[in-house]
Amino acid sequence: SKDWNGIDHVLLRNPQGASARISLHGGQVISWKNDQGEELLFTSSKAIFKPPKAMRGGVPICFPQFGNAGSLEQHGFARNKLWAVDDDPPPLPPNDSVGKSLVDLLLKPSEEDLKFWPHRVSLAASGNLILISRVRNINGKPFSFSFAYHTYLSVSDISEVRIEGLETLDYLDNLHQRERFTEQGDALTFETEVDRIYLNSPNAIAVLDHERKRTYVIRKEGLPDIVVWNPWEKKSKSMVDFGDEEYKQMVCVDGAVIEKPITLKPGEEWTGRLEISAVPSSFCSEN
Ligand code: BG6
């Protein structure tokens, strides 16, 4: 279907009314709504919906490189490529398909990039968004990569947001040439630009939007690191596809594997899984 900003995409719906839209450009989730039809992901009002760049918002996939520390373009090429719907997907764990609406996408290997990469997006009966990516090395020699689900969460006011689960962790600060620091605070709050890679994080972390009384719970497997990014005032003004004030309504919290890249020998496979739920804060118990 092409009816959403002219983008070729797949729409998933569950019976309760939750939905997810996935663009074939980048295999990027571009919308995720709860049963009430509320959008849970941020998309910039200045987003550009045309290739070659990734649309500003949703969940672009950073692969096989995160950031610009490497020989490839910023955040790798996967988010800038056209994916195909996979009609004959490899089997995934049964629990990950029962009772869910889902789509399997495939980034076809090219000459310079002989990796086989299926990616599944599904919407659980609960309305949770589930992303599963697999990378298999079908080349004759080992290869290494980093990976991130660059998740733009929609929040009502960044100064009312706190992230729990990153306390006491070490992080690499992208604003200081990836120098290593240790988190000192109780929970992460925002009053300036933040661009960090938290290392070896717990498998579940919570993003609390106090004003909207909503909590995002992010559960992950195979993704030890968490990127937290908010561009704040100055950087917002420097991005052409981002509104000057929009940093107040978003925060990127990415399940990722960056510090220790994955190396696959020929024939080996890696799986990363991310599940996000959005629940009213009063119902959210500590995990
Ligand atoms: C973050 C990076 O995760 O992504 C930032 O750490 C970068 O440095 C941001 O600005 C957005 O990247 P891009 O390429 O989508 O503009």
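Residues numbered from 1 in each chain as written. Predicted model: local features only at pLDDT ≥ 70, side-chain atom pairs only at ≥ 80, totals over all residues. Heavy atoms only, no water.

K.L.:
Even after reading the chapter, I still don't get the sheet that holds strand β3 (residues 28-33), so can you show me in this structure?
P.N.:
Strand-to-strand pairing in sheets goes through backbone hydrogen bonds, with the strands running parallel or antiparallel. Spatially, 3 strands are ordered β1-β2-β3 in an open sheet, and the strand pairing comes out antiparallel. Of all strands in the sheet, those with a lone pairing partner are β1 (9-13) and β3, marking the two edges. Averaged over neighbouring strand pairs, the angle between their axes works out to 15 degrees when direction is ignored. Pairing geometry for strand β2 (residues 19-23) and β3, over 5 bridges, is antiparallel. Within the sheet, the bridge partner assigned to I22 lies in β3 and is V29. (Pairing = 2+ DSSP bridges. Helix = DSSP H or I, 4+ residues; strand = E, 2+ residues; numbered from the N terminus. Axes fitted to C-alpha atoms, helices over the stretch in contact; angles between N-to-C directions.)

K.L.:
When you look at unusual backbone geometry in this model, what are you seeing that I'm missing?
P.N.:
The general pattern is negative phi for most residues beyond glycine and trans for most peptide bonds. Here F63 and P64 are connected by a cis peptide whose omega angle stands at 0 degrees. As for its placement among the helices and strands, P64 is situated in the loop between β4 (61-62) and β5 (84-85). Positive phi, normally seen in glycine, also occurs at R178, with a value near 60 degrees. With respect to the helices, strands and loops of the structure, R178 is situated in the loop between β12 (170-173) and β13 (179-182). With phi around 55 degrees, W232 is a residue other than glycine that occupies positive phi space. Positionally, W232 belongs in helix α1 (residues 232-238). You can call W232 buried: its relative accessible area is 17%. (Buried < 20%, exposed > 50% of the residue type's maximum accessible area, 1.4 Å probe, protein only.)

K.L.:
Quick question: what am I supposed to make of the packing of aromatic side chains here?
P.N.:
For any pair of aromatic rings, the description rests on two quantities: the centre-to-centre distance and the angle between the ring planes. Per the counting criterion, the structure on display carries 16 aromatic pairs. The interplanar angle of 85 degrees and the centroid separation of 6.2 Å between the aromatic rings of Y152 and W229 together place this pair among those described as edge-to-face. In this pair, Y152 sits in strand β10 (residues 152-154) while W229 sits in strand β17 (residues 225-230), placing the two residues 77 residues apart along the sequence. Exposure class is identical for Y152 and W229. Each is buried. Through a chain of ring-to-ring contacts, three or more aromatic side chains come together here, namely F63, F77, W83, W117, F143, F145, F147, Y149 and W270. Taking NZ or CZ as reference, K81 lies 4.4 Å from the ring centre of F77, over its face. (Phe/Tyr/Trp six-rings, centres within 6.5 Å; stacked < 30°, edge-to-face > 60°. Lys NZ or Arg CZ within 6 Å of the ring centre and 35° of its normal.)

K.L.:
I keep staring at the pattern of salt bridges and nothing clicks. Help me out?
P.N.:
Pairing between side chains of opposite charge can happen when the charged atoms of each approach one another. Tallied over the entire structure, the rule returns 13 salt bridges. With a closest N to O distance of 3.1 Å, R162 and E164 form a salt bridge. Each of D170, R180, E259 and K260 takes part in a single network of salt bridges with overlapping partners. (Salt bridge = Lys/Arg side-chain N within 4 Å of Asp/Glu carboxyl O.)

K.L.:
Help me understand the pairing of strand β19 (residues 269-280), please; the structure alone is not making it clear to me.
P.N.:
Strand residues, when the strand is regular, have side chains that alternate between the two faces of the sheet. Here strand β8 (residues 129-137) pairs with β19 via 8 bridges, running antiparallel. Pairing of S133 across the sheet is with G272, part of β19. Of the pairings in the sheet, the one linking strand β16 (residues 214-221) to β19 comprises 8 bridges and is antiparallel in character. Bridged to E221 within β19 is R273.

K.L.:
Help me out: how do you make sense of the site of the ligand in this one?
P.N.:
Every residue lining the ligand is accounted for by R56, F66, Q74, H75, R79, H150, N174, D195, V227, W229 and K235. Side-chain polar atom of R56 to an oxygen atom of the ligand: 2.9 Å apart, as the coordinates give it. H150 is positioned such that a nitrogen or oxygen atom in its side chain is 2.9 Å from an oxygen atom of the ligand. When the ligand is considered free in solution it has 390 Å² of accessible area, and contact with the protein chains removes 85% of it. (Near = heavy atom within 4 Å. Polar contact = N/O pair within 3.5 Å; in protein donor to acceptor, adjacent residues only side chain to side chain. Areas by Shrake-Rupley, 256 points an atom, 1.4 Å probe, with all protein chains shown as cover.)

K.L.:
Explain the nonpolar core to me, please; I cannot follow it from the model alone.
P.N.:
When a protein is soluble and globular, its nonpolar side chains tend to lie buried together. Residues F147, F190 and V228 are the most contacted members of the largest nonpolar core, which totals 65 residues. It is strand β18 (residues 250-264) that contributes the most residues to this core, 7 residues altogether. When sequence neighbours within four positions are dropped, the list of residues in contact with V228 reads I163, L166, L188, F190, V194, D195, R196, Y198, V251 and C252. Counting residues in hydrophobic clusters, the runner-up holds 9 residues, among them F66, L172, L199 and A256. (Core = buried A, V, L, I, M, F, W, Y, C linked by side-chain atoms within 4.5 Å. Contact = heavy atoms within 4.5 Å.)

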